[in-house]
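Residue strings, one per chain:
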Amino acid sequence: MTKKIKIYSFHFNRPDFIALQKKTLDFFLKEPYELVIVNNARDGNSIREIDKQTKDLGLKCIRTNATAPSHLPGLHHAQAMNGVWLNHIQHEEGYAVFLDGDVVAIKGFNIH
């Protein structure tokens, strides 16, 4: 039996990349998956735009409570990943894949 694949994509400031990322994954990933958008934006406009794009595409969206200062973006991202792991993934079965929001597939691939 094949384990379920959930791809968690972390979006901070480019909501327009959500549709592109989904489109390339749909085309190049050679097995079923679920794309979950992680909205770790800081400002209200980006938060709303990411939520809107996610809803328009029919994707699940979760917010993080990363609080690192703006001059430490890597720490902010790490806090978001840790929060997703602790609150959404650690007790699930299957595969969890973390992607940055600007990663797009360019060649066919499998995760299993």
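This one's a predicted model, so the numbers in the text were calculated from it and none came from an experiment.

Asks: So what's going on with helix H3 (residues 73-89)? Residues and values would help.
Replies: Taking 1.5 Å per residue, 17 residues should reach 24 Å; H3 reaches 23 Å between its end C-alpha atoms and fits that length. Looking only at H3, the buried set comprises His76, His77, Ala80, Gly83, Val84 and Ile89. Axial view of H3: buried residues confined to an arc of 155 degrees, hence all on one face. Buried residues along H3 sit in contact with strand S1 (5-11), strand S2 (34-39), strand S3 (60-63) and strand S4 (95-100).

Asks: Which residues make up the environment of His88, and what values do they have?
Replies: Turning to its location among the elements, His88 is positioned in helix H3. Judged by relative accessible area, His88 falls into the partly exposed class, the value being 27%. C-alpha separation for the pair His88 and Ser70, spaced 18 residues apart in sequence, amounts to 25 Å. Residues in contact with His88, not counting those within four places in the same chain, are Tyr8, Ile62 and Gly83.

Asks: Would you mind going over the sheet that holds S3 in detail, with residue names and values included?
Replies: With respect to topology, 4 strands assemble into an open sheet ordered S3-S2-S1-S4, the strand pairing being parallel. Whereas interior strands pair on both sides, the edge strands pair on one side only; in this sheet they are S3 and S4. Within this sheet the neighbouring strands show an average axis-to-axis angle of 25 degrees, counted without direction. When S1 meets S2, the two strands line up parallel, connected through 6 bridges. Paired with Tyr8 across the bridge in S2 is Val36. Against the sheet, helix H1 (residues 16-28) engages S1, S2 and S4, with an angle of about 155 degrees to S1. Helix-sheet contacts for H3 involve S1, S2, S3 and S4, and the interaxial angle to S1 is about 145 degrees.

Asks: An account of the layout of surface pockets is needed here, citing residue identities and associated values.
Replies: What the largest pocket holds in volume is close to 190 Å³. What lines the largest pocket is Phe10, His11, Phe12, Asn13, Arg14, Phe17, Pro73, His76, His77, Asp100, Gly101 and Asp102. Of all the secondary structure elements, the ones that give two or more residues to the lining of the largest pocket are S1 and H3. Element by element, the count of residues in the lining of the largest pocket is highest for H3, at 3 residues. The residue makeup of the lining of the largest pocket, split by class, is 4 nonpolar, 5 polar and 3 charged.

Asks: Before we move on, can you summarise the environment of Asn45 with the specific residues and values?
Replies: Following the sequence through the fold, Asn45 ends up in helix H2 (residues 44-56). The class of Asn45 is partly exposed, set by a relative accessible area of 46%. Taking C-alpha positions, Asn45 is 9.4 Å from Asn13, a pair spaced 32 residues apart along the chain.

Cut-offs applied
Residues numbered from 1 in each chain as written. Predicted model: local features only at pLDDT ≥ 70, side-chain atom pairs only at ≥ 80, totals over all residues. Heavy atoms only, no water. Helix = DSSP H or I, 4+ residues; strand = E, 2+ residues; numbered from the N terminus. Expected span 1.5 Å × (residues − 1). Buried < 20%, exposed > 50% of the residue type's maximum accessible area, 1.4 Å probe, protein only. Arc of directions from axis to C-beta. Contact = heavy atoms within 4.5 Å. Pairing = 2+ DSSP bridges. Axes fitted to C-alpha atoms, helices over the stretch in contact; angles between N-to-C directions. 1 Å grid on protein atoms, 1.4 Å probe; cavity = no way out; pocket = protein on both sides within 12 Å on 5 of 7 lines; lining within 4 Å. Points joined across faces, edges and corners; volume = space filled by probe spheres on them. Nonpolar A, V, L, I, M, F, W, Y, C, P; charged D, E, K, R; others polar.

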